[in-house]
Each structure stands twice: as structure tokens, then as C-alpha cells.
Amino acid sequence: MAQDAELRPGETTVELPPAQDAWLRFIGRIRTPFLERADCPRQGSLDGPECRVELIPELEPALDGIDRSETIELLYWLDRSRRDLLTQSPRGSGDLRGTFSLRSPNRPNPIGTSVVRLVRREGTVLVVRGLDCLDGTPLIDLKPARCDHAKRPDPATGA
């Protein structure tokens with residue numbers, strides 16, 4: 001059952017058919033000190049607690065060179081989130097907004113993303129700061145927040 005199943009005043013839901021159009025492979029788990037959603041910081045903080053991103057052993061070669069990046073982007077599956085909310089009232093605000101106008105974990109496809117600071121690599125484990133997800137969250141993917149070789153457009157010329 002989804003965590004925080006209670007609806008707040010004005011929130012609406014939708015019944016969708018079971019998801020079956022994408023196949024994902026979880027590549028690891030995220031270990032944080034956050035056991036309940038209320039414990040999670042909003043948006044995380046690069047000076048937050050150290051957390052562990054534990055990849056499956058078979059993927060160790062895929063981490064070669066990751067320690068060249070000061071920040072990495074993590075994509076993860078918010079497996080304990082509701083998937084039926086159309087409108088939501090953000091915690092503590094009393095406002096009502098559409099799900100896609102929020103960074104709430106409750107969404108049709110509960111994919112979370114965080115840009116985190118890479119503290120160190122320990123084999124298939126990345127120690128990071130800046131996460132805002134629950135302990136045990138499945139990892140979908142990770143990548144450098146910015147690639148060294150990516151050409152960025154010149155702001156003056158757009159080229």
C-alpha cells in the first residue's frame with residue numbers, strides 16, 4: 001500500500017490501468033537515514049547526511065571514471081508513493097495544485113531525481129550527500145550532473 005494514503009482536503013485521484021509499458025531494471029538500492037516520508041528533507045541538501053548508493057556487483061565496471069564528477073544525478077523509483085493523485089495539497093501549504101506542477105513523490109510514474117555531491121567511491125558503493133528519499137529506495141540510473149565533454153551553447157551567441 002502507498003505510504004501517506006490519506007487524502008488532504010481537495011485532493012483528487014484517478015484510476016489508471018496497471019502500468020505495463022516500460023521495463024526497468026533496478027541497478028541497486030539507496031541507503032539513507034530516512035525511514036518515513038516525514039523524515040525526508042525537502043529537495044535534499046548538498047551538506048546533508050552521508051548516504052550510500054549501492055549498485056549490484058555486476059555493474060562495477062560501469063562506475064569507472066565516476067569519481068571525476070563532483071556531482072552526480074541519481075534517478076530512483078519511489079516505490080512507496082501513491083500513483084493515483086491528480087491534484088495535491090503540498091505538506092503544510094493548504095494550497096491545491098496539479099501533480100505535474102509539484103516535485104511530490106506521489107505521481108503516475110514515481111521517478112525521483114536528485115543531484116548529489118559525490119563524497120567518495122568504495123567499490124560498487126557511492127557515498128553521497130544531498131538525498132531526500134527513503135532508505136531502501138530502488139536505484140534506476142545515475143550519471144554525472146554535467147559531462148566534461150558536453151559542448152554547451154555560448155549564452156551570447158546561442159551557438
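As a starting point, this report considers the structure included with it. (Residues numbered from 1 in each chain as written. Predicted model: local features only at pLDDT ≥ 70, side-chain atom pairs only at ≥ 80, totals over all residues. Heavy atoms only, no water.)

### Remarks on the sheet that holds strand E1 (residues 12–13)
Spatially, three strands are ordered E1-E5-E6 in an open sheet, and the strand pairing comes out antiparallel. Each edge of the open sheet is held by one strand with a lone partner, namely E1 and strand E6 (97–98). Bridge count for strand E5 (residues 85–88) against E6 is two bridges, and the pairing is antiparallel. Its bridge partner being in E6, Gln88 is matched across the sheet by Arg97. (Pairing = 2+ DSSP bridges. Helix = DSSP H or I, 4+ residues; strand = E, 2+ residues; numbered from the N terminus.)

### Considering the sheet that holds strand E7 (residues 111–122)
Strand order in the closed barrel made by the six strands is E2-E3-E8-E7-E4-E9, with antiparallel pairing throughout. When the angles between neighbouring strand axes are averaged without regard to direction, this sheet yields 45°. The pairing of strand E3 (residues 50–55) with strand E8 (residues 125–129) spans five bridges and is antiparallel. When the bridges of E8 are listed, Val53 appears paired with Leu126. (Axes fitted to C-alpha atoms, helices over the stretch in contact; angles between N-to-C directions.)

### A word on the nonpolar core
Soluble globular proteins: nonpolar side chains tend toward being buried together. Counting 19 residues, the largest nonpolar core has Val53, Leu74, Leu126, Val128, Leu131, Leu139 and Leu142 as the members making the most contacts within it. Looking at this core, the elements that each hand over two or more residues are E3, strand E4 (71–77), E7, E8 and strand E9 (137–144). Once residues within four sequence positions are removed from consideration, Leu74 is found in contact with Val53, Gly112, Thr113, Ser114, Val116, Leu131, Leu139, Asp141 and Leu142. (Core = buried A, V, L, I, M, F, W, Y, C linked by side-chain atoms within 4.5 Å. Buried < 20%, exposed > 50% of the residue type's maximum accessible area, 1.4 Å probe, protein only. Contact = heavy atoms within 4.5 Å.)

### A short note on the pattern of salt bridges
With the rule as written, the count across this model stands at 12 salt bridges. The salt bridge partner of Arg129 is Glu50, with a shortest N-O separation of 3.6 Å. Residue Arg129 is found in strand E8, and its partner Glu50 is found in strand E3; the two are separated by 79 residues along the sequence. The salt bridge partner of Arg120 is Glu122, with a shortest N-O separation of 2.7 Å. When salt bridges that share partners are traced, they join Arg31, Glu50, Arg52, Glu54, Arg120, Glu122, Arg129 and Asp135 into one network. (Salt bridge = Lys/Arg side-chain N within 4 Å of Asp/Glu carboxyl O.)

### What about the pairing of E3?
Alternating residues of E3 divide into Cys51, Val53 and Leu55, all buried, and Glu50, Arg52 and Glu54, none buried. Direction of pairing for strand E2 (residues 28–31) relative to E3: antiparallel, over a ladder of four bridges. Its bridge partner being in E3, Arg29 is matched across the sheet by Glu54.

### Considering the environment of Leu96
Along the chain, the position of Leu96 falls in the loop between E5 and E6. Residues Leu96 and Glu11 lie 85 residues apart in sequence; the distance between their C-alpha atoms is 7.1 Å. Not counting residues up to four positions away in its chain, the partners in contact with Leu96 are Pro9, Gly10, Glu11, Thr87, Gln88 and Ser89.

### Overview of the side chain of Ser114
When you line up the elements, Ser114 lands in strand E7. Within the structure, the side chain of Ser114 is placed 3.2 Å from the side chain of Asp132, a separation counted as a polar contact. Discounting residues that sit within four places of it in the chain, Ser114 has contacts with Ile72, Glu73, Leu74, Tyr76, Gly130, Leu131 and Asp132. (Polar contact = N/O pair within 3.5 Å; in protein donor to acceptor, adjacent residues only side chain to side chain.)

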